[in-house]
Amino acid sequence: MDIRLKRAYDHAARSDGPRILVDRIWPRGVAKEDADIAHWLKGLAPSTELRKWFGHDPDRWSGFRDRYFKELKSDGAAEDLKLFRQILKEHKRVTLVFAAKDTDHNNAVALRDFALRDQL
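Draft legend 1. Highlighting the overall build of the protein chain. When its secondary structure is counted, the protein chain shows 5 helices and 4 strands. Going from the N terminus to the C terminus, the protein chain shows its helices and strands as β-β-α-β-α-α-α-β-α. At 13 Å, the protein chain has a C-alpha radius of gyration in line with the 14 Å of a compact globule built from 120 residues. Considering only contacts in the protein chain between residues 6 or more positions apart, those separated by 24 or more positions represent 64%. Total accessible area on the protein chain stands at roughly 7200 Å², and carbon and sulfur atoms take up 46% of it. For the protein chain, the centre of its 24 positive side-chain charges and the centre of its 20 negative side-chain charges are spaced 1 Å apart.

Draft legend 2. Here's a closer look at the pairing of strand E4 (residues 93-98). Here E4 lies mainly inside the structure; 5 of its 6 residues are buried. Judged from the 6 bridges that link them, strand E1 (residues 2-7) and E4 form a sheet pairing that is parallel. Opposite Lys6, over in E4, you have Val97 as the bridge partner. Taken together, the 3 bridges between strand E2 (residues 19-21) and E4 define a ladder with parallel strand orientation.

Draft legend 3. Geometry of the packing of helix H3 (residues 61-72) against helix H5 (residues 107-117). At a closest axis distance of 10 Å, the pairing of H3 and H5 adopts a crossing angle of 60°. For the element pair H3 / H5, the angle class is oblique. Pair H3 / H5 crosses with right-handed handedness. The residues of H5 that touch H3, namely those facing Trp61, Phe64, Arg65, Tyr68, Phe69 and Leu72, are Asn107, Val109, Ala110, Leu111, Asp113, Phe114 and Arg117. Partitioned by chemical class, the residues of the contact of H3 with H5 number 9 nonpolar, 1 polar and 3 charged.

Rules and cut-offs
Residues numbered from 1 in each chain as written. Predicted model: local features only at pLDDT ≥ 70, side-chain atom pairs only at ≥ 80, totals over all residues. Heavy atoms only, no water. Helix = DSSP H or I, 4+ residues; strand = E, 2+ residues; numbered from the N terminus. Rg over C-alpha atoms; globule rule 2.2 N^0.38 Å. Contact = heavy atoms within 4.5 Å. Areas by Shrake-Rupley, 256 points an atom, 1.4 Å probe, with all protein chains shown as cover. Lys, Arg positive; Asp, Glu negative; His and termini not counted. Charge placed at Lys NZ, Arg CZ, Asp CG, Glu CD. Buried < 20%, exposed > 50% of the residue type's maximum accessible area, 1.4 Å probe, protein only. Pairing = 2+ DSSP bridges. Axes fitted to C-alpha atoms, helices over the stretch in contact; angles between N-to-C directions. Parallel < 35°, antiparallel > 145°, perpendicular 65-115°, else oblique. Left-handed = near helix turned anticlockwise from the far one by under 90°. Nonpolar A, V, L, I, M, F, W, Y, C, P; charged D, E, K, R; others polar.

Here it is, written out as structure tokens:
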């Protein structure tokens, strides 16, 4: 399973595989026609409350991951998580697309870790 990460502001590449937007809101300034997004799985994005609490503060990264993983296991994420599992089974490579400036501490990084750890 090859799960790559790419900012929404970076150009799509043929090697990306299906591009999956994992943010709750569409990235500002990115035209939908140019984004080449195959799936927009809003249900896999952290809740607004969790996102605001985290604020991309690296000191809160561990707590964010723990809380986010709990959200991913909740009923609210079940439908999109099921679709995500299916996409992973059907494709050798996928790219999780996100808007955050911090490329090391964001929900796409945590989601990739969740998927690899739990062998979705």
